[in-house]
Amino acid sequence: MYVTHPDAGRILTSIDKANHSEVSMRQATSGFEGTGRSFTHTGKEAMVSYKPTNGVDWIVASVLPTDEVFHSAVQLRWESTLLALVLTSLLTPLACFIFYRALKPLRELGQKMIAATKDSSEQWRPSSFYSNDELGRLGRVFDSLMLERGRVVTELKQSHLVLQESEQRTRTITDSMPAVIGYIDLDHRYRFCNSAYKRFHGLQPEDMLGKTITEVFGDGVYNAFADCIEQALSGQRVSFERMVEQDGSVMCMQYEYVPDFDAYGVVRGFYSMGTDITAYKRAEQDLSSQQQLLRAVTDTLPALVTFVDKTGRIKFANRTHETWMRRPMHAIEGNLIGDLLGAQEMEIHQKHFTCALGGKVATFGFERQEADRIRHYQATYTPQFSAENDIIGVTCLVHDVTEAKLLERQLNVMARFDSLTGLPNRIQIKECISRAIDDNRDAQSLAAVMYLDLDSFKAINDTLGHQAGDLVLKEFGRRLAGCVRRSDTVGRLAGDEFVVILERLSNDSESTLVAEKILRAMEKPISINGVDRIVTTSIGIEMVSTEVNPSVETLLKAADEALYRSKQLGRNRYSFRSAAASV
Ligand SMILES: Nc1nc2c(ncn2[C@@H]2O[C@H](COP(=O)(O)OP(=O)(O)OP(=O)(O)O)[C@@H](O)[C@H]2O)c(=O)[nH]1
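Thresholds, definitions, all that
Residues numbered from 1 in each chain as written. Predicted model: local features only at pLDDT ≥ 70, side-chain atom pairs only at ≥ 80, totals over all residues. Heavy atoms only, no water. Helix = DSSP H or I, 4+ residues; strand = E, 2+ residues; numbered from the N terminus. Buried < 20%, exposed > 50% of the residue type's maximum accessible area, 1.4 Å probe, protein only. Phe/Tyr/Trp six-rings, centres within 6.5 Å; stacked < 30°, edge-to-face > 60°. Pairing = 2+ DSSP bridges. Axes fitted to C-alpha atoms, helices over the stretch in contact; angles between N-to-C directions. Contact = heavy atoms within 4.5 Å. Near = heavy atom within 4 Å. Polar contact = N/O pair within 3.5 Å; in protein donor to acceptor, adjacent residues only side chain to side chain. Areas by Shrake-Rupley, 256 points an atom, 1.4 Å probe, with all protein chains shown as cover. Nonpolar A, V, L, I, M, F, W, Y, C, P; charged D, E, K, R; others polar. Parallel < 35°, antiparallel > 145°, perpendicular 65-115°, else oblique. Left-handed = near helix turned anticlockwise from the far one by under 90°. Expected span 1.5 Å × (residues − 1). Bend = angle between axes of the 7 residues up to and from the residue.

Draft legend 1. Quick look at the environment of leucine 397. Along the chain, leucine 397 turns up in strand E13 (residues 391-400). For leucine 397, a relative accessible area of 30% corresponds to the partly exposed category. On a C-alpha basis, the gap between leucine 397 and threonine 382 in space is 8.3 Å, while along the polypeptide they are 15 residues apart.

Draft legend 2. Fine view of the packing of aromatic side chains. In this structure the tally under the stated criterion is 13 aromatic pairs. The interplanar angle of 15 degrees and the centroid separation of 5.7 Å between the aromatic rings of phenylalanine 240 and tyrosine 255 together place this pair among those described as stacked. Here tyrosine 255 lies in strand E7 (residues 249-261) and phenylalanine 240 lies in strand E6 (residues 238-246), a separation of 15 residues in the sequence. Here phenylalanine 240 and tyrosine 255 have matching classes, each one buried. Here the aromatic rings of tryptophan 324 and tyrosine 377 are separated by 5.7 Å at their centres, their planes lie at 50 degrees, and the arrangement is tilted.

Draft legend 3. Local environment of unusual backbone geometry. Despite not being glycine, arginine 326 has its phi angle at roughly 55 degrees, a positive value. Looking at the secondary structure, you find arginine 326 in the loop between helix H9 (320-324) and helix H10 (337-341). Accessibility expressed as a relative area gives 64% for arginine 326, which makes it exposed. Of note, glutamine 444 is a non-glycine position whose phi angle comes to about 50 degrees, a positive value. Mapped onto the secondary structure, glutamine 444 falls in the loop between helix H13 (426-443) and strand E14 (446-454).

Draft legend 4. Molecular detail of the pairing of E13. Bridging between strand E9 (residues 303-309) and E13 involves seven bridges; their strand directions are antiparallel. By the bridge assignment for E13, valine 308 is matched with valine 394. Where strand E12 (residues 373-385) and E13 come together, nine bridges link them in antiparallel fashion. Residue pairing in the sheet places alanine 379 in a bridge with valine 398 of E13. Two successive antiparallel strands, E12 and E13, enclose a turn made up of five residues, where asparagine 389 displays a positive phi of approximately 70 degrees.

Draft legend 5. A look at the pairing of strand E16 (residues 497-505). When you tally the buried positions in E16, you get seven out of nine residues, the bulk of the element. Taken together, the seven bridges between E14 and E16 define a ladder with antiparallel strand orientation. Its bridge partner being in E16, aspartate 453 is matched across the sheet by glutamate 497. Taking the residues between adjacent antiparallel strands as the criterion, strand E15 (residues 489-494) and E16 are bridged by two residues, where glycine 495 takes a positive phi near 50 degrees.

Draft legend 6. Quick look at the sheet that holds E7. If you walk across this open sheet you meet the five strands as E5-E4-E8-E7-E6, and the pairing is antiparallel. Lying at the two open borders of the sheet, with one neighbouring strand each, are strand E5 (190-193) and E6. Strand-to-strand twist in this sheet, taken as the mean axis angle between neighbours without regard to direction, amounts to 25 degrees. Pairing of E7 with strand E8 (residues 267-276) involves nine bridges; the strand directions are antiparallel. Paired with phenylalanine 261 across the bridge in E8 is valine 267. Contacts from helix H7 (residues 213-233) reach strand E4 (179-185), E5, E6, E7 and E8 within the one sheet, and its direction differs from that of E6 by about 165 degrees. Against the sheet, helix H8 (residues 278-299) contacts E6, E7 and E8, and its axis sits at roughly 115 degrees relative to E7.

Draft legend 7. Summary view of the site of the ligand. Of all residues adjacent to the ligand, which total 16 residues, the nearest are Asn461, Asp470, Arg492, Lys567 and Arg571. Phenylalanine 457 is positioned with one of its backbone polar atoms (N or O) 3.0 Å from an oxygen atom of the ligand. One of the side-chain nitrogen or oxygen atoms of lysine 567 is found 2.9 Å away from an oxygen atom of the ligand. Within the complex, 66% of the 650 Å² of free accessible area of the ligand lies under protein. Broken down by secondary-structure element, the contributors of at least two residues to the shell around the ligand are E14, helix H14 (457-464) and helix H15 (466-483). Per-element tally for the shell around the ligand: the top contributor is H15, with four residues. Here the shell around the ligand is built from residues that sort into three nonpolar, five polar and eight charged.

Draft legend 8. Focus on the packing of H15 against helix H16 (residues 508-521). Running from amino to carboxyl end, H15 crosses H16 at an angle of 140 degrees, the nearest separation of the two axes being 9 Å. By the criterion of interaxial angle, the relationship of H15 to H16 is oblique. Pair H15 / H16 crosses with right-handed handedness. Residues Arg479, Leu480, Gly482 and Cys483 of H15 lie in contact with H16, whose contacting residues are Val514, Lys517, Ile518 and Ala521. Looking at the contact of H15 with H16 residue by residue, the class counts come to five nonpolar, one polar and two charged.

Draft legend 9. Up close: H7. A rise of 1.5 Å per residue sets the reference length of H7, with its 21 residues, at 30 Å; its end C-alpha atoms lie only 14 Å apart and thus fall more than 12% short of the reference. The largest bend in H7 comes to about 95 degrees, at aspartate 219. Along H7, the residues that are buried comprise Ile213, Val216, Tyr222, Phe225, Ala226, Cys228, Ile229, Ala232 and Leu233. Lining the buried residues of H7 we find E4, E5, helix H6 (205-208), E6, E7 and E8. Glycine 235, located one to two residues past H7, shows a positive phi value of around 100 degrees.

Right under this line is the structure:
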């Protein structure tokens, strides 16, 4: 029940009758203490406080209209708002001004940035006035960035210039080369073409750029070389020849496809280089026909014709090798000359081969044991020079001189022996005397040269005939040979003149013993056509001592003089040149 209430109508009325649906009223009547919102009895919004009293079962509640409660606060809020408005209106321009001033470097920096992005060519000028705050640092960082950018741009420009110059150089070089040079990417499109495409294919290089091989040359050409293109794009180097018709003439072009790899080793295209090898091909054909001709000519020669390069490898060998060396051609050409000849024979050849490689012609003879006989060969090694005058190898010409050697030996025998008697002739007699002089000196012994002449031999010829004379000459030679040691020499000088050379004598008397033996041997008649006839001989002896060193001619002349002495004394005797013993 209300004990007191501004609304007199409520005094002593039950609270139940009042509007106690409010939370605060229910809280208060439940014995709680607190504050809350409520309404005055006039229906105005109000603040309500309630508290039960001690000792008395009363609840003291005060209800104060909200506007009265917050009057001062509202007043203060209005004043504050007003003040804020005033301050805001006053401080805003000031703040703006301060911000404007504070952001000026940032604004200038921004303008510089915009200007810098518009014109990258201008040299960046860093500002020397920067504050020590964040903006200053930002400005300095931006300046360093711009300077770095300027450096990078400069480098890029220089790189670009270098690249341009390099490209120009590449173009100049490739344009001046007698070869078609192009670059084709993975899509088979031309990315570079030198001016030679105009010369060789009648195509404008600038018209080719960006076009595919098919677009430039057509399906036919592409299909013909599709495999090569794929190989190049798979990273393999490809080389092939292609016949090209241009202005009515046919050229032989050799193409080389060289793959182009990026930094990771992945193919990104390939270079195509085509060279006109028509002249080379013709030269090759000419050379081939010349080689065929050379082979045809040399194959028929009875000689070995070989060309050996500097490394000793046989580059050419005529067919005669097959028969002479008893090997098939494939085991000769392309092999080393050392392998063909064998180590033993190569040892003989090596120095002459080296000599020829040194630029000199070397001629030498060598022998080869073949089956049961020895064959003799004459070899000539001639150095071969390139157009630049460099030695490129050696031409070997080998003749079989076995027959010539035999003939030479026969001639030698014929030239050194008397055909009638088979005894050494004048040439060999002189050699024997010369050798006897040396041996005599070396052995410190004596030697003797005996000059013999048949007595009145002319009469035999005249009476019995020339053939009878020959028979007497042969018999005389035979008997002479029977009177001397095997180490002595019997020879026929000419006509009926003979020489006996006695070696290793101890004294003069040994020569006289031989002379007497000869005289005795001639005492026996010679049977001539059934008629026995005694033919005597006169002998002249010249001793060869170790003290003097006479010439062959001197000795023969001295012996002849001694012979003359024997003739003078009546023939059929021996004499020394001086007045020594004569019999
Ligand atoms: N049958 C033959 N006679 C020859 C040969 N060569 C030379 N004669 C002859 O040998 C003779 C040599 O005579 P001479 O030695 O000059 O004279 P000779 O009659 O022997 O007289 P002397 O020597 O003085 O004792 C000449 O009649 C030559 O014609 C030959 O090969 N055969």
